[in-house]
Amino acid sequence: MHTSDLLLSNPPSLSEQLKRRTDELQSRIVRVNYNTRFAQTAPELTEFRRATAGFVDGMDDDLLSELFRKTVHLTTYDSYAPFLAGFSEKPCKASAIVDLFSPGLPDFLAESSSTSSGIAKIFPKYNYLSKIRSSDAGSWAVSDTLRRRTAARICYLGCDQMNVEDESNGPVKTIYLACSAVIGIRISLNLDPEKDGEKMATFILDHAAPYAAAFIKKWRSFLLIHALFAVGSRSLETMSVTFISTFVDMIRHLDMEFDVVVDCIANGTIPDLDGIAKVRHYLQLCISADPDRAAELRRIGRPSSRPGWCGHVWPNLRSVTGVASGSFASSVPLAQWFLGPNAALHSLGYASTESLIAPPYNPLELNQFKLINSTIVEFLDINTENDSVDSVAQPWEVEPGRRYEVMLTTQDGLWRYRLGDVVEVSGFDPTDGVPVIQFVGRRNVAIRFPDFMVSEKELMAAMSSVPPNMLAKVVYWTATIDDRRLPATIGFFVELDDDQVSDLALAPERVLDELIRSNGNIAWALERDMFRKPTVRLVRSGTFSDFRQLKLDEGSNNLGQVKVPVVLPKAAYVTWFSNQVVQEL
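Before going into details, it helps to say that this report is about the structure given with it. Since the structure is predicted, the reported quantities are computational estimates derived from the model, not experimental observations.

## Here we look at the pairing of strand 2 (residues 108–111)
By the alternation rule, side chains of strand 2 split into Phe108 and Ala110 and Leu109 and Glu111, which are all buried. When strand 2 meets strand 3 (residues 122–125), the two strands line up antiparallel, connected through four bridges. Each residue of the ladder has a partner; that of Phe108, found in strand 3, is Lys125. Strand direction decides the pairing type here: strand 2 and strand 7 (residues 171–179), joined by four bridges, are parallel. When the sheet's bridge partners are listed, Leu109 is paired in strand 7 with Leu177.

Structure (structure tokens):
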């Protein structure tokens, strides 16, 4: 489907069908989670409890949904944080965490990437392991190193464990702590963490890298091992990553270590890399010497040697799938340069730690998504100061071209949870009337000055305004307030694909022009000497990759979901980036 096919207004018949389906799903979620501790005690649900008087099971779907919309107040993470304290207790007692947000004990705790607030959040996930364990996924693991490998899945699967005990200190359950990307992949491939040890020296389905490669926690080593097995397979057809920036990172690391990787393919060996000791034995069992493939790779040359390098290395490669919207859009030009004309970037979808929100409407449109049918998504009008139920629009009530903050009600026990993401409605799917949206940015992420602020969306638009021949050189960037001299301004830290900076000399002027266009306060502040031209500082090659490793070393379990924020949330991070600067434009 294409954008031109979207409806700009829903006919009554489609709106009625959408409302009926939403009412059924919403009522089902409410009935399942109604008797949990959160639902029965949270202040945000007081009016709803009074209105339903405990009789939710006998209510019609439309009545129950109407009461929900009128009486359930909006929630934030602060609403749930007090209930999560039991997970931090040592030992963790089942009595402290049972029936918190959904019946029973959770299978997973999903950990956020903590980019906007600087603090990781956790969200219990229920009833996933039973689905995984009821499948017959064991037959998917194969050990033949010579089989045809057509898919490269660059994913991390590591989980931490939390043992839950009863009041007599007896074991009750193991809960797994992981990022949402890990949990999603495990669910989609039915990968039980309890059986990880059995699969280490095997390949899942037609994956290029062995299972053990998904448990390397050092970022550089993780990428190079996946690159080793990927380029070792000429038959690769598809590649998937969580974020497109991961694909770019992998190819750039491969470019720097190309000779080492090719020698390993020729000799059938695993390179000496930091952080692979625990899995090295399994990796070695899964690689065979292939001098012919190594010779072919040497003839082709390293990734930076030619545009469309991937098409020469993998003649059958047709797609690389990953998140490429929002801040990750900055990696798209370089990703396309590596891919060439015969392989396309595909959108992975729109998701958060809290829930999958919308799969791609058209995978080739990297920022276009259709709402999922297993989570209730509501829309809070961002053009009003009244953040109450009166400002909430339902999926059949939204207006194309208008922007909203996303709210979620999930099967895992979130009630009208304010996600903080802003989306714009593109239109409605003509087949079923479901809204199609595009991601705009985070609502409360901004660089704040005394008299005005610059939003994440405005920062992304400013960096995107750099002409294409300049933008193609920009691999990654982040921003902060730059008060090294007064007046303060916006400072960008930028990593380039090469050392040629002449084309970028005008970048600060271009960025300023776009900021003036998009934010009327900028011109006002310039006239009053309260703002000056933004600064652009170039950092050494590999800085952003090292920053991801820094976040992992700080204790994050999110190798599969490590992000660099658009706005740096900590002064320590600003200092760290400042120490990586090699030139200021």
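## Quick word on the packing of aromatic side chains
Evaluation of the coordinates by the stated rule reveals 30 aromatic pairs. An aromatic cluster is built from Phe38, Tyr77, Tyr80, Phe83, Phe101, Phe123 and Tyr417, whose rings are joined through pairwise contacts. Here Arg548 stacks its cationic end above the ring of Tyr476, 4.8 Å away from the centre of that ring.

## Section: the packing of helix 19 (residues 507–518) against helix 20 (residues 520–527)
For the pair helix 19 and helix 20, interaxial distance at closest approach is 4 Å and the crossing angle is 115°. Looking at the two axes, helix 19 sits roughly perpendicular to helix 20. Every residue of helix 20 that contacts helix 19 at Leu512, Leu515, Ile516 and Ser518 is listed here: Gly520, Ile522, Ala523 and Leu526. Of the residues in the contact of helix 19 with helix 20, the class split is six nonpolar, two polar and no charged.

## What to know about the sheet that holds strand 5 (residues 151–154)
Across the sheet, four strands lie side by side as 5-9-10-11; this open sheet has parallel pairing. Whereas interior strands pair on both sides, the edge strands pair on one side only; in this sheet they are strand 5 and strand 11 (344–347). Within this sheet the neighbouring strands show an average axis-to-axis angle of 20°, counted without direction. When strand 5 meets strand 9 (residues 238–243), the two strands line up parallel, connected through four bridges.

## Quick notes on helix 4 (residues 61–71)
Looking at helix 4, one finds that the buried residues are Leu64, Ser65, Leu67, Phe68, Arg69 and Thr71. In this structure, the buried residues of helix 4 make contact with helix 1 (12–33), helix 3 (46–52), strand 15 (376–381) and strand 17 (403–409).

## Brief notes about the sheet that holds strand 24 (residues 535–539)
The strands making up a sheet are joined through hydrogen bonds of the backbone, oriented either antiparallel or parallel. Within the open sheet, the four strands sit side by side as 22-23-24-25. Their pairing is mixed. The sheet is open, and its two edges are formed by strand 22 (474–482) and strand 25 (581–584), each paired on a single side. Each neighbouring strand pair of the sheet contributes to a mean axis angle of 30°, computed without reference to strand direction. As defined by bridge partners, strand 22 adjoins strand 23 (residues 489–496) across eight bridges and the pair is classed as antiparallel.

## So, the nonpolar core
Judged by nonpolar contacts, the single largest core of 94 residues is most densely connected at Phe247, Trp309 and Trp314. Here this core takes ten residues from helix 10 (residues 219–231), the largest share from any one element. Once residues lying within four places of it in the same chain are set aside, the contact partners of Trp309 are Val231, Ile251, Leu254, Phe258, Ile300, Gly301, Arg302, Pro303, Trp314, Trp337 and Phe338.

## Considering the state of the cysteines
According to the stated counting rule, one finds zero disulfides in the structure shown. Cys155 provides the cysteine sulfur closest to Cys310, a residue in no disulfide bond, and the two sulfurs are 18 Å apart. On the accessibility criterion, Cys310 (0% relative accessible area) is buried.

## Description of the environment of Ala523
Within the secondary structure layout, Ala523 lies in helix 20. Between the alpha carbons of Ala523 and Pro341 there is a distance of 41 Å; along the sequence they are 182 residues apart.

## Considerations on the environment of Val454
The residue Val454 is located in strand 21 (residues 453–455) in this model. A C-alpha to C-alpha distance of 25 Å links Val454 and Lys551, two positions 97 residues apart in sequence. Contact partners of Val454, with chain neighbours within four places excluded, come to Ala446, Ile447, Phe449, Leu459, Ile490, Leu515, Asn519 and Ile522.

## Details of the pattern of salt bridges
Counted according to the given criterion, the structure contains 33 salt bridges. Notably, a salt bridge pairs Arg252 with Asp497, separated by 3.9 Å at the nearest N-O pair. Taken as a pair, Arg252 in helix 11 (residues 244–256) and Asp497 in the loop between strand 23 and helix 19 lie far apart in primary sequence, 245 residues in all. On the basis of relative accessible area, Arg252 is assigned to the buried category, the value being 10%. Judged by its relative accessible area of 30%, Asp497 is partly exposed. Its salt-bridge partner being Asp263, residue Arg298 comes within 2.7 Å of it at the nearest N-O pair. Pair noted here: Arg298 is in helix 14 (residues 291–300) and Asp263 is in helix 12 (residues 258–267), with a separation of 35 residues, a long-range link. The class for Arg298 is partly exposed, based on a relative accessible area of 44%.

Reading guide: rules and limits
Residues numbered from 1 in each chain as written. Predicted model: local features only at pLDDT ≥ 70, side-chain atom pairs only at ≥ 80, totals over all residues. Heavy atoms only, no water. Buried < 20%, exposed > 50% of the residue type's maximum accessible area, 1.4 Å probe, protein only. Helix = DSSP H or I, 4+ residues; strand = E, 2+ residues; numbered from the N terminus. Pairing = 2+ DSSP bridges. Phe/Tyr/Trp six-rings, centres within 6.5 Å; stacked < 30°, edge-to-face > 60°. Lys NZ or Arg CZ within 6 Å of the ring centre and 35° of its normal. Axes fitted to C-alpha atoms, helices over the stretch in contact; angles between N-to-C directions. Parallel < 35°, antiparallel > 145°, perpendicular 65-115°, else oblique. Contact = heavy atoms within 4.5 Å. Nonpolar A, V, L, I, M, F, W, Y, C, P; charged D, E, K, R; others polar. Core = buried A, V, L, I, M, F, W, Y, C linked by side-chain atoms within 4.5 Å. Disulfide = S-S within 2.5 Å. Salt bridge = Lys/Arg side-chain N within 4 Å of Asp/Glu carboxyl O.

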